[in-house]
Amino acid sequence: MAILLRHVRFIAMALALAFIVVASAPTRAQHVNPTADAVKEEQLLGELKRITGECTIPDQKACTLEQPAGRDWRHFHGVTLPWIGAIAILGMIALVVVFYLVIGTVRMSPGRTGRLMLRFSAFERFAHWMAAVCFIILGLTGLNITFGKQLILPLIGPEAFSTISLWGKYAHNFLSFPFTLSVVLIGVVWLRANLPSRVDIEWAMQGGGFIGDKHPPADLFNAGQKMVYWGVVLGGGLVAATGYLLMFPFYGTEILGMQLAEIVHAVVALLLIALIIFHVYMGSVGEEGAFEAMWDGTVDETWAKQHHSIWYDREISKGNVPKPAPAGEVHPAVGTAHAAE
Ligand code: HEM
């Protein structure tokens with residue numbers, strides 16, 4: 001009898017164990033079945049457009065895995081932004097080439113006098129070149145952040161790409177400070193000379209004197225230069241402000257604010273790069289004698305009369321008459337030399 005009871009107990013326990021295993025098997029299978037999970041995520045995404053869970057780490061933002069604005073942002077960054085950049089930058093390079101082929105270098109007419117006028121002080125030139133050096137490095141390293149993975153990584157491989165990207169990121173972060181300072185300095189020292197005036201309308205209506213031989217009057221800066229100034233001050237200011245939001249993430253911003261800051265930073269920076277490409281062309285190859293103004297601060301009297309007649313007349317009336325160039329002085333601008341008197 002005791003043996004029979006022991007057998008019955010053994011069979012009952014075995015059955016109970018088998019029941020537990022069978023009952024728990026489908027649940028375990030459901031947990032680890034990746035396809036079933038994916039189906040649930042698809043459903044969640046379809047219904048809620050976001051996947052959010054619970055997490056125990058302090059940063060609750062990490063609990064949201066997907067959300068509609070995130071997908072929109074990813075599409076903007078991966079598709080729209082490269083298009084904006086390609087159209088703005090390649091379009092501007094094409095425009096500059098067309099400009100050069102059709103109009104060429106605007107020459108000084110009727111030739112240099114060899115007498116020089118002071119156009120920019122050492123301080124103005126310092127502010128300008130600080131902006132220029134910082135901007136070029138910020139622009140190149142920023143372009144690497146946006147396009148480097150598609151354009152440079154396949155050419156130089158992962159090792160070299162990660163090295164230049166790391167140093168590029170340091171440069172991009174640290175040069176933002178002197179660049180911001182230079183934008184403030186430029187904004188302050190040239191503010192008065194860049195306020196809009198009636199002369200600008202006349203200058204613009206005459207196409208800036210690029211077509212034909214007639215040069216419309218202009219003060220220290222013409223309407224085109226004023227556009228560059230405001231582009232640098234407003235655009236540069238916006239790029240700097242949004243850049244600091246990105247550099248110190250989530251200080252006063254949420255995810256949406258960060259995404260907006262990134263979009264504004266990237267779009268304005270790309271447009272500014274396009275504007276500066278044109279500016280660099282005009283300040284060097286595009287106009288004979290312009291580069292000297294920013295290099296040693298002086299311009300030839302002919303250039304001053306030709307391009308900035310209102311400014312020239314005022315300087316003369318103030319007694320700032322042009323002085324003969326030092327003998328043998330050679331300017332770096334397109335390899336031309338001042339004729340010594
Ligand atoms: C290496 C490139 C550059 C060259 C060769 C260059 C050249 C020049 C020259 C020659 C002028 C004086 C024009 C005149 O006397 O009327 C000038 C002015 C100016 N530059 Fe540049 N520049 C360069 C880069 C930059 C950059 C990167 C910025 C700003 C981010 C900038 C901002 C300005 C501004 C605001 C002015 C005054 C307005 C104007 O003349 O358009 N420049 N530049």
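Scoring rules and cut-offs
Counting restarts for each chain, with residues numbered from 1 along the sequence as it is written. It should be noted that, the model being predicted, local features are given only for residues of pLDDT at least 70 and side-chain atom pairs only at 80 or more, the latter also being counted only at that level, while totals for whole chains, interfaces and linings use all residues. Neither water nor hydrogens contribute to the side-chain values; these are computed over all heavy atoms in the structure. Being near a molecule or strand, for a residue, comes down to having at least one heavy atom within 4 Å of it. For the purposes of these results, a polar contact is taken to be a pair of N or O atoms within 3.5 Å, where, inside protein, one atom must be able to donate a hydrogen and its partner to accept one; residues adjacent in sequence count only when each atom of the pair is a side-chain atom. The helix and strand labels rest on DSSP assignments: H or I over at least four residues marks a helix, E over at least two residues marks a strand, and numbering proceeds from the N terminus. For this classification, Asp, Glu, Lys and Arg are treated as charged, while Ala, Val, Leu, Ile, Met, Phe, Trp, Tyr, Cys and Pro are nonpolar and the rest, including Gly, are polar. Orientation is described by axes fitted as lines to C-alpha atoms, over the contacting stretch for helices, and by angles from 0 to 180 degrees between their N-to-C directions. Each angle receives one of four descriptions, namely roughly parallel if under 35 degrees, roughly antiparallel if over 145, roughly perpendicular if within 65 to 115, and oblique otherwise. Here a crossing is taken to be left-handed if its near helix is turned anticlockwise relative to the far helix by less than a right angle, and right-handed if that turn runs clockwise. Contacts between residues were defined by any pair of non-hydrogen atoms, one from each residue, lying within 4.5 Å. Note on pairing: two strands pair once DSSP finds at least 2 bridges between them. With water excluded from the atoms, a metal site may look incomplete; its donors are any N, O or S atoms within 2.8 Å, or within 3.2 Å for Na, K and Ca. When four donors show all angles between 85 and 135 degrees the site is tetrahedral, when four or six donors have opposite pairs over 155 degrees and all other angles between 65 and 115 it is square planar or octahedral respectively, and in every other case it is irregular. The classification of residues rests on relative accessible area computed with a 1.4 Å probe and restricted to protein chains. Under 20% of the type maximum is buried, over 50% is exposed, and intermediate values are partly exposed. Pairing of aromatic rings covers Phe, Tyr and the six-membered ring of Trp, with a centre-to-centre limit of 6.5 Å; geometry is then stacked below 30 degrees between planes, edge-to-face above 60, and tilted otherwise. Only buried Ala, Val, Leu, Ile, Met, Phe, Trp, Tyr and Cys residues count toward a nonpolar core, and they belong to the same one when joined by side-chain atoms within 4.5 Å.

A. Main features of the site of the ligand. R119, F120, H128, Q225 and H279 are the nearest of the 23 residues found near the ligand. At 2.5 Å from an oxygen atom of the ligand is found a side-chain nitrogen or oxygen belonging to Q225. Here a nitrogen atom of the ligand and a side-chain polar atom of H279 are 2.7 Å apart. Counting only elements with at least two residues in the shell around the ligand, the list comes to helix 4 (122-151), helix 7 (223-247), helix 8 (255-283) and helix 9 (290-295). Ranked by residue count, the leading element in the shell around the ligand is helix 4, at 5 residues. Residues belonging to the shell around the ligand are distributed by class as follows: 17 nonpolar, 5 polar and 1 charged.

B. Geometry of the packing of helix 3 (residues 68-102) against helix 4. Running from N to C, helix 3 and helix 4 cross one another at 125°; their axes reach a closest spacing of 11 Å. Taken as axis vectors, helix 3 and helix 4 run oblique relative to one another. Crossing of helix 3 over helix 4 shows left-handed handedness. Seen from helix 3, the contacting residues are L81, P82, G85 and I89; seen from helix 4, they are L143, T146 and F147. When grouped by side-chain class, the residues that make up the contact of helix 3 with helix 4 number 5 nonpolar, 2 polar and no charged.

C. Summary view of the sheet that holds strand 4 (residues 298-300). Pairing within the open sheet is antiparallel, and its 3 strands lie in the order 4-3-5. Here the strands that pair on one side only, and so sit at the sheet edges, are strand 4 and strand 5 (323-324).

D. Inspection of the coordination of the iron atom of the ligand at higher detail. In the first shell of the iron atom of the ligand, the protein supplies H128 (NE2) and H279 (NE2), at 2.0 Å from the metal. Here the iron atom of the ligand binds 6 donor atoms, and the angle range of 86 to 179° at the metal identifies the geometry as octahedral. With a gap of 151 residues between them, H128 in helix 4 and H279 in helix 8 connect regions that are remote in the sequence. On the basis of relative accessibility, which here comes to 15%, the residue H128 falls in the buried class. The exposure class assigned to H279 is partly exposed, which follows from its relative accessible area of 30%.

E. Highlighting the packing of aromatic side chains. Within this structure, the stated rule accounts for 15 aromatic pairs. Geometrically, the ring pair formed by F135 and F179 is tilted, given 6.0 Å between the ring centres and 45° between the ring planes. Of the two residues, F135 is situated in helix 4 and F179 in helix 5 (residues 153-189); the sequence distance between them amounts to 44 residues. By the burial criterion, F135 is buried, and F179 matches it. Arranged with centres 6.4 Å apart and planes meeting at 45°, the rings of F278 and Y281 form a pair that is tilted. Of this pair, F278 and Y281 both sit in helix 8, 3 residues apart, which is roughly one turn of that helix.

F. Molecular detail of the nonpolar core. One finds W190 and V299 to be the most contacted residues of the largest nonpolar core, which totals 38 residues. Sorting the residues of this core by element identifies helix 3, helix 4, helix 5, helix 7, helix 8, helix 9, helix 10 (301-307) and helix 11 (309-317) as the ones contributing at least two each. Broken down by element, this core gets its largest block of residues, 7 residues, from helix 4. Residues contacting V299, with those up to four places away along its chain left out, are R115, L116, M117, R119, G289, A293, A304 and W311. Listed in part, the 6 residues of the second largest apolar core include V96, A274, Y281 and M282.

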